[in-house]
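For reference, the chains in residue letters:
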Amino acid sequence: MIQVNDNFRHLPVSYLFSEVARRINAFKSEHPSTEVVRMDIGDVTRPLFPSVVKAMHEAVDELGSSSRFHGYGPEQGYPFLREAIAAHDYHGRGIDINPSDIFISDGAKSDLGNLGDVYSRDCKVAIMNPAYPVYVDDSVIDGRAGVFHDGRWSDILYLDCDPDNHFMPMLPTGRADVIFLCFPNNPTGEGISKRELKRWVDYAREKGNLIIYDSAYEAFVREDGIVRSIYEIEGAEEVAIEIRSFSKTAGFTGLRCGYTVVPSALKGRYANGEEVALRTLWNRRQTTKFNGASYISQRAAAAVYTPEGLEDVKRNTDYYMRNAEIIRDTFRKIGFRAYGGENSPYVWATSGDGRDSWELFTFFLENFGFSTTPGSGFGSKGEGYVRLTGFNSRENTEKGMSRLLERMK
Ligand code: MLT
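Residues numbered from 1 in each chain as written. Predicted model: local features only at pLDDT ≥ 70, side-chain atom pairs only at ≥ 80, totals over all residues. Heavy atoms only, no water.

Report on the sheet that holds strand E7 (residues 178-182), specifying residues and quantitative values.
Through backbone hydrogen bonds, the strands of a sheet pair up, either in parallel or in antiparallel fashion. Sheet architecture is open: seven strands sit in the order E2-E10-E9-E8-E7-E3-E6, paired in mixed fashion. Because the sheet does not close on itself, it has two edges, and the strands there are strand E2 (102-105) and strand E6 (157-160). On average, each strand axis in the sheet is tilted by 20° relative to the strand beside it, whichever way the strands run. When E7 meets strand E8 (residues 210-214), the two strands line up parallel, connected through five bridges. (Pairing = 2+ DSSP bridges. Helix = DSSP H or I, 4+ residues; strand = E, 2+ residues; numbered from the N terminus. Axes fitted to C-alpha atoms, helices over the stretch in contact; angles between N-to-C directions.)

Go over the sheet that holds strand E13 (residues 337-340), please, and point to the residues and values.
What the four strands build is an open sheet, ordered E13-E14-E17-E16; its pairing is antiparallel. Because the sheet does not close on itself, it has two edges, and the strands there are E13 and strand E16 (373-374). Pairing geometry for E13 and strand E14 (residues 346-350), over four bridges, is antiparallel. In the strand pairing of E14, Ala-338 is matched with Ala-349. Running over the sheet, helix H10 (residues 307-333) touches E13, E14 and strand E17 (385-389) and is turned about 160° from E13. (Contact = heavy atoms within 4.5 Å.)

Lay out the packing of helix H2 (residues 50-63) against helix H9 (residues 295-303) in plain terms, naming residues and giving numbers.
At a minimum axis separation of 8 Å, H2 and H9 run at an interaxial angle of 145°. The handedness of the crossing between H2 and H9 comes out as right-handed. Counted together, Ser-51, Val-52, Ala-55, Met-56, Ala-59, Val-60, Glu-62 and Leu-63 of H2 and Tyr-295, Ile-296, Arg-299, Ala-300 and Ala-303 of H9 form the full contact between these two elements. Residue composition of the contact of H2 with H9, grouped by class: 10 nonpolar, one polar and two charged. (Left-handed = near helix turned anticlockwise from the far one by under 90°. Nonpolar A, V, L, I, M, F, W, Y, C, P; charged D, E, K, R; others polar.)

Any chance you could break down the packing of helix H11 (residues 357-368) against helix H12 (residues 394-408) for me, citing the residues and the numbers?
Look at H11 against H12: their axes get within 10 Å of each other, and the N-to-C directions meet at 90°. As judged from the angle between their axes, H11 and H12 are roughly perpendicular. Contact residues: Phe-363, Phe-364, Asn-367 and Phe-368 in H11; Arg-403, Leu-404, Arg-407 and Met-408 in H12. Within the contact of H11 with H12, the residues separate by chemical class into five nonpolar, one polar and two charged. (Parallel < 35°, antiparallel > 145°, perpendicular 65-115°, else oblique.)

Below is the structure:
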């Protein structure tokens, strides 16, 4: 038998959302008459936009025609999509990003993990606590996390977030090489102001850090002054990689397409001191290990940037945001402290009475028939919280929340 990657031994047995699904399914099989309203994983429920569906049909016809068929595409993504992203998501907002620095992928989650190939195994990672579990789990698999003790990994620098700091992490006090930031934040739902994010960019420029900026939820930003892209901050192109996804913006959780920006100005060093652009390494990594996102998905993503597609993005995200507002207001009515839902589809709620996250998860599932994600799955600072998502239908969201209001009166 071969020896396997020992780092897996130290991971929780299952990925957070798999464990949540397992417990929901166990509950459903014991209570087949209860219709469980899912508010746990951030999976969308509204169908693909008509413009997206049309683009996919056309792409399929193209690939089915002997005169228009084509096989492998560029590993970095097709120019038509990279250019549409640059034009709309960056140039249209006054940000200068070169389409050749945009790499199309099958989604944010894969890129978050794959980027670990680019920076040294010895890099110390700093991660917000609570955070999307992928940052920590990837660091564990890659051997950057150390040993697990008392809810924390010894080699990860945790950036604790709680109501006392308005869920905004403090700048690191110890060594950090690679800093993961996510705004609008998953799970707390908080957005970040330009002034606050500038502190991070300035810090990273001074210390020579890399920021991996997850902005998968930027389309949900509603308030002026809340950042959508880290490149809104001067100098960020020298220190930051930005990761985005069409999953929540345009309903691509099943279709799969996202992108990562690795600006050419972002540099690192080999062990011998020689300087190299991270873009060069990422390009080398992608051309070696990835054959590009599917042509059909990329045509679908390009349709998101048509006038009809952009209107649908607004309509869709508004719909989910209204659900989040309903959830947040209901939780406040029953006496919970509830945050988020203003620039993000997530609501972060605590009873504040000492009940732990899995107890709350079970309480809502068993008594009201809706599911949440236990906050402790996002890190030790998530203990006592649950996360709810606005991604279900309005009808189901209202059903779940009215069950709660009626029975908690
Ligand atoms: C979440 O619920 O946090 C996300 O949907 C998970 C993901 O995007 O992988």
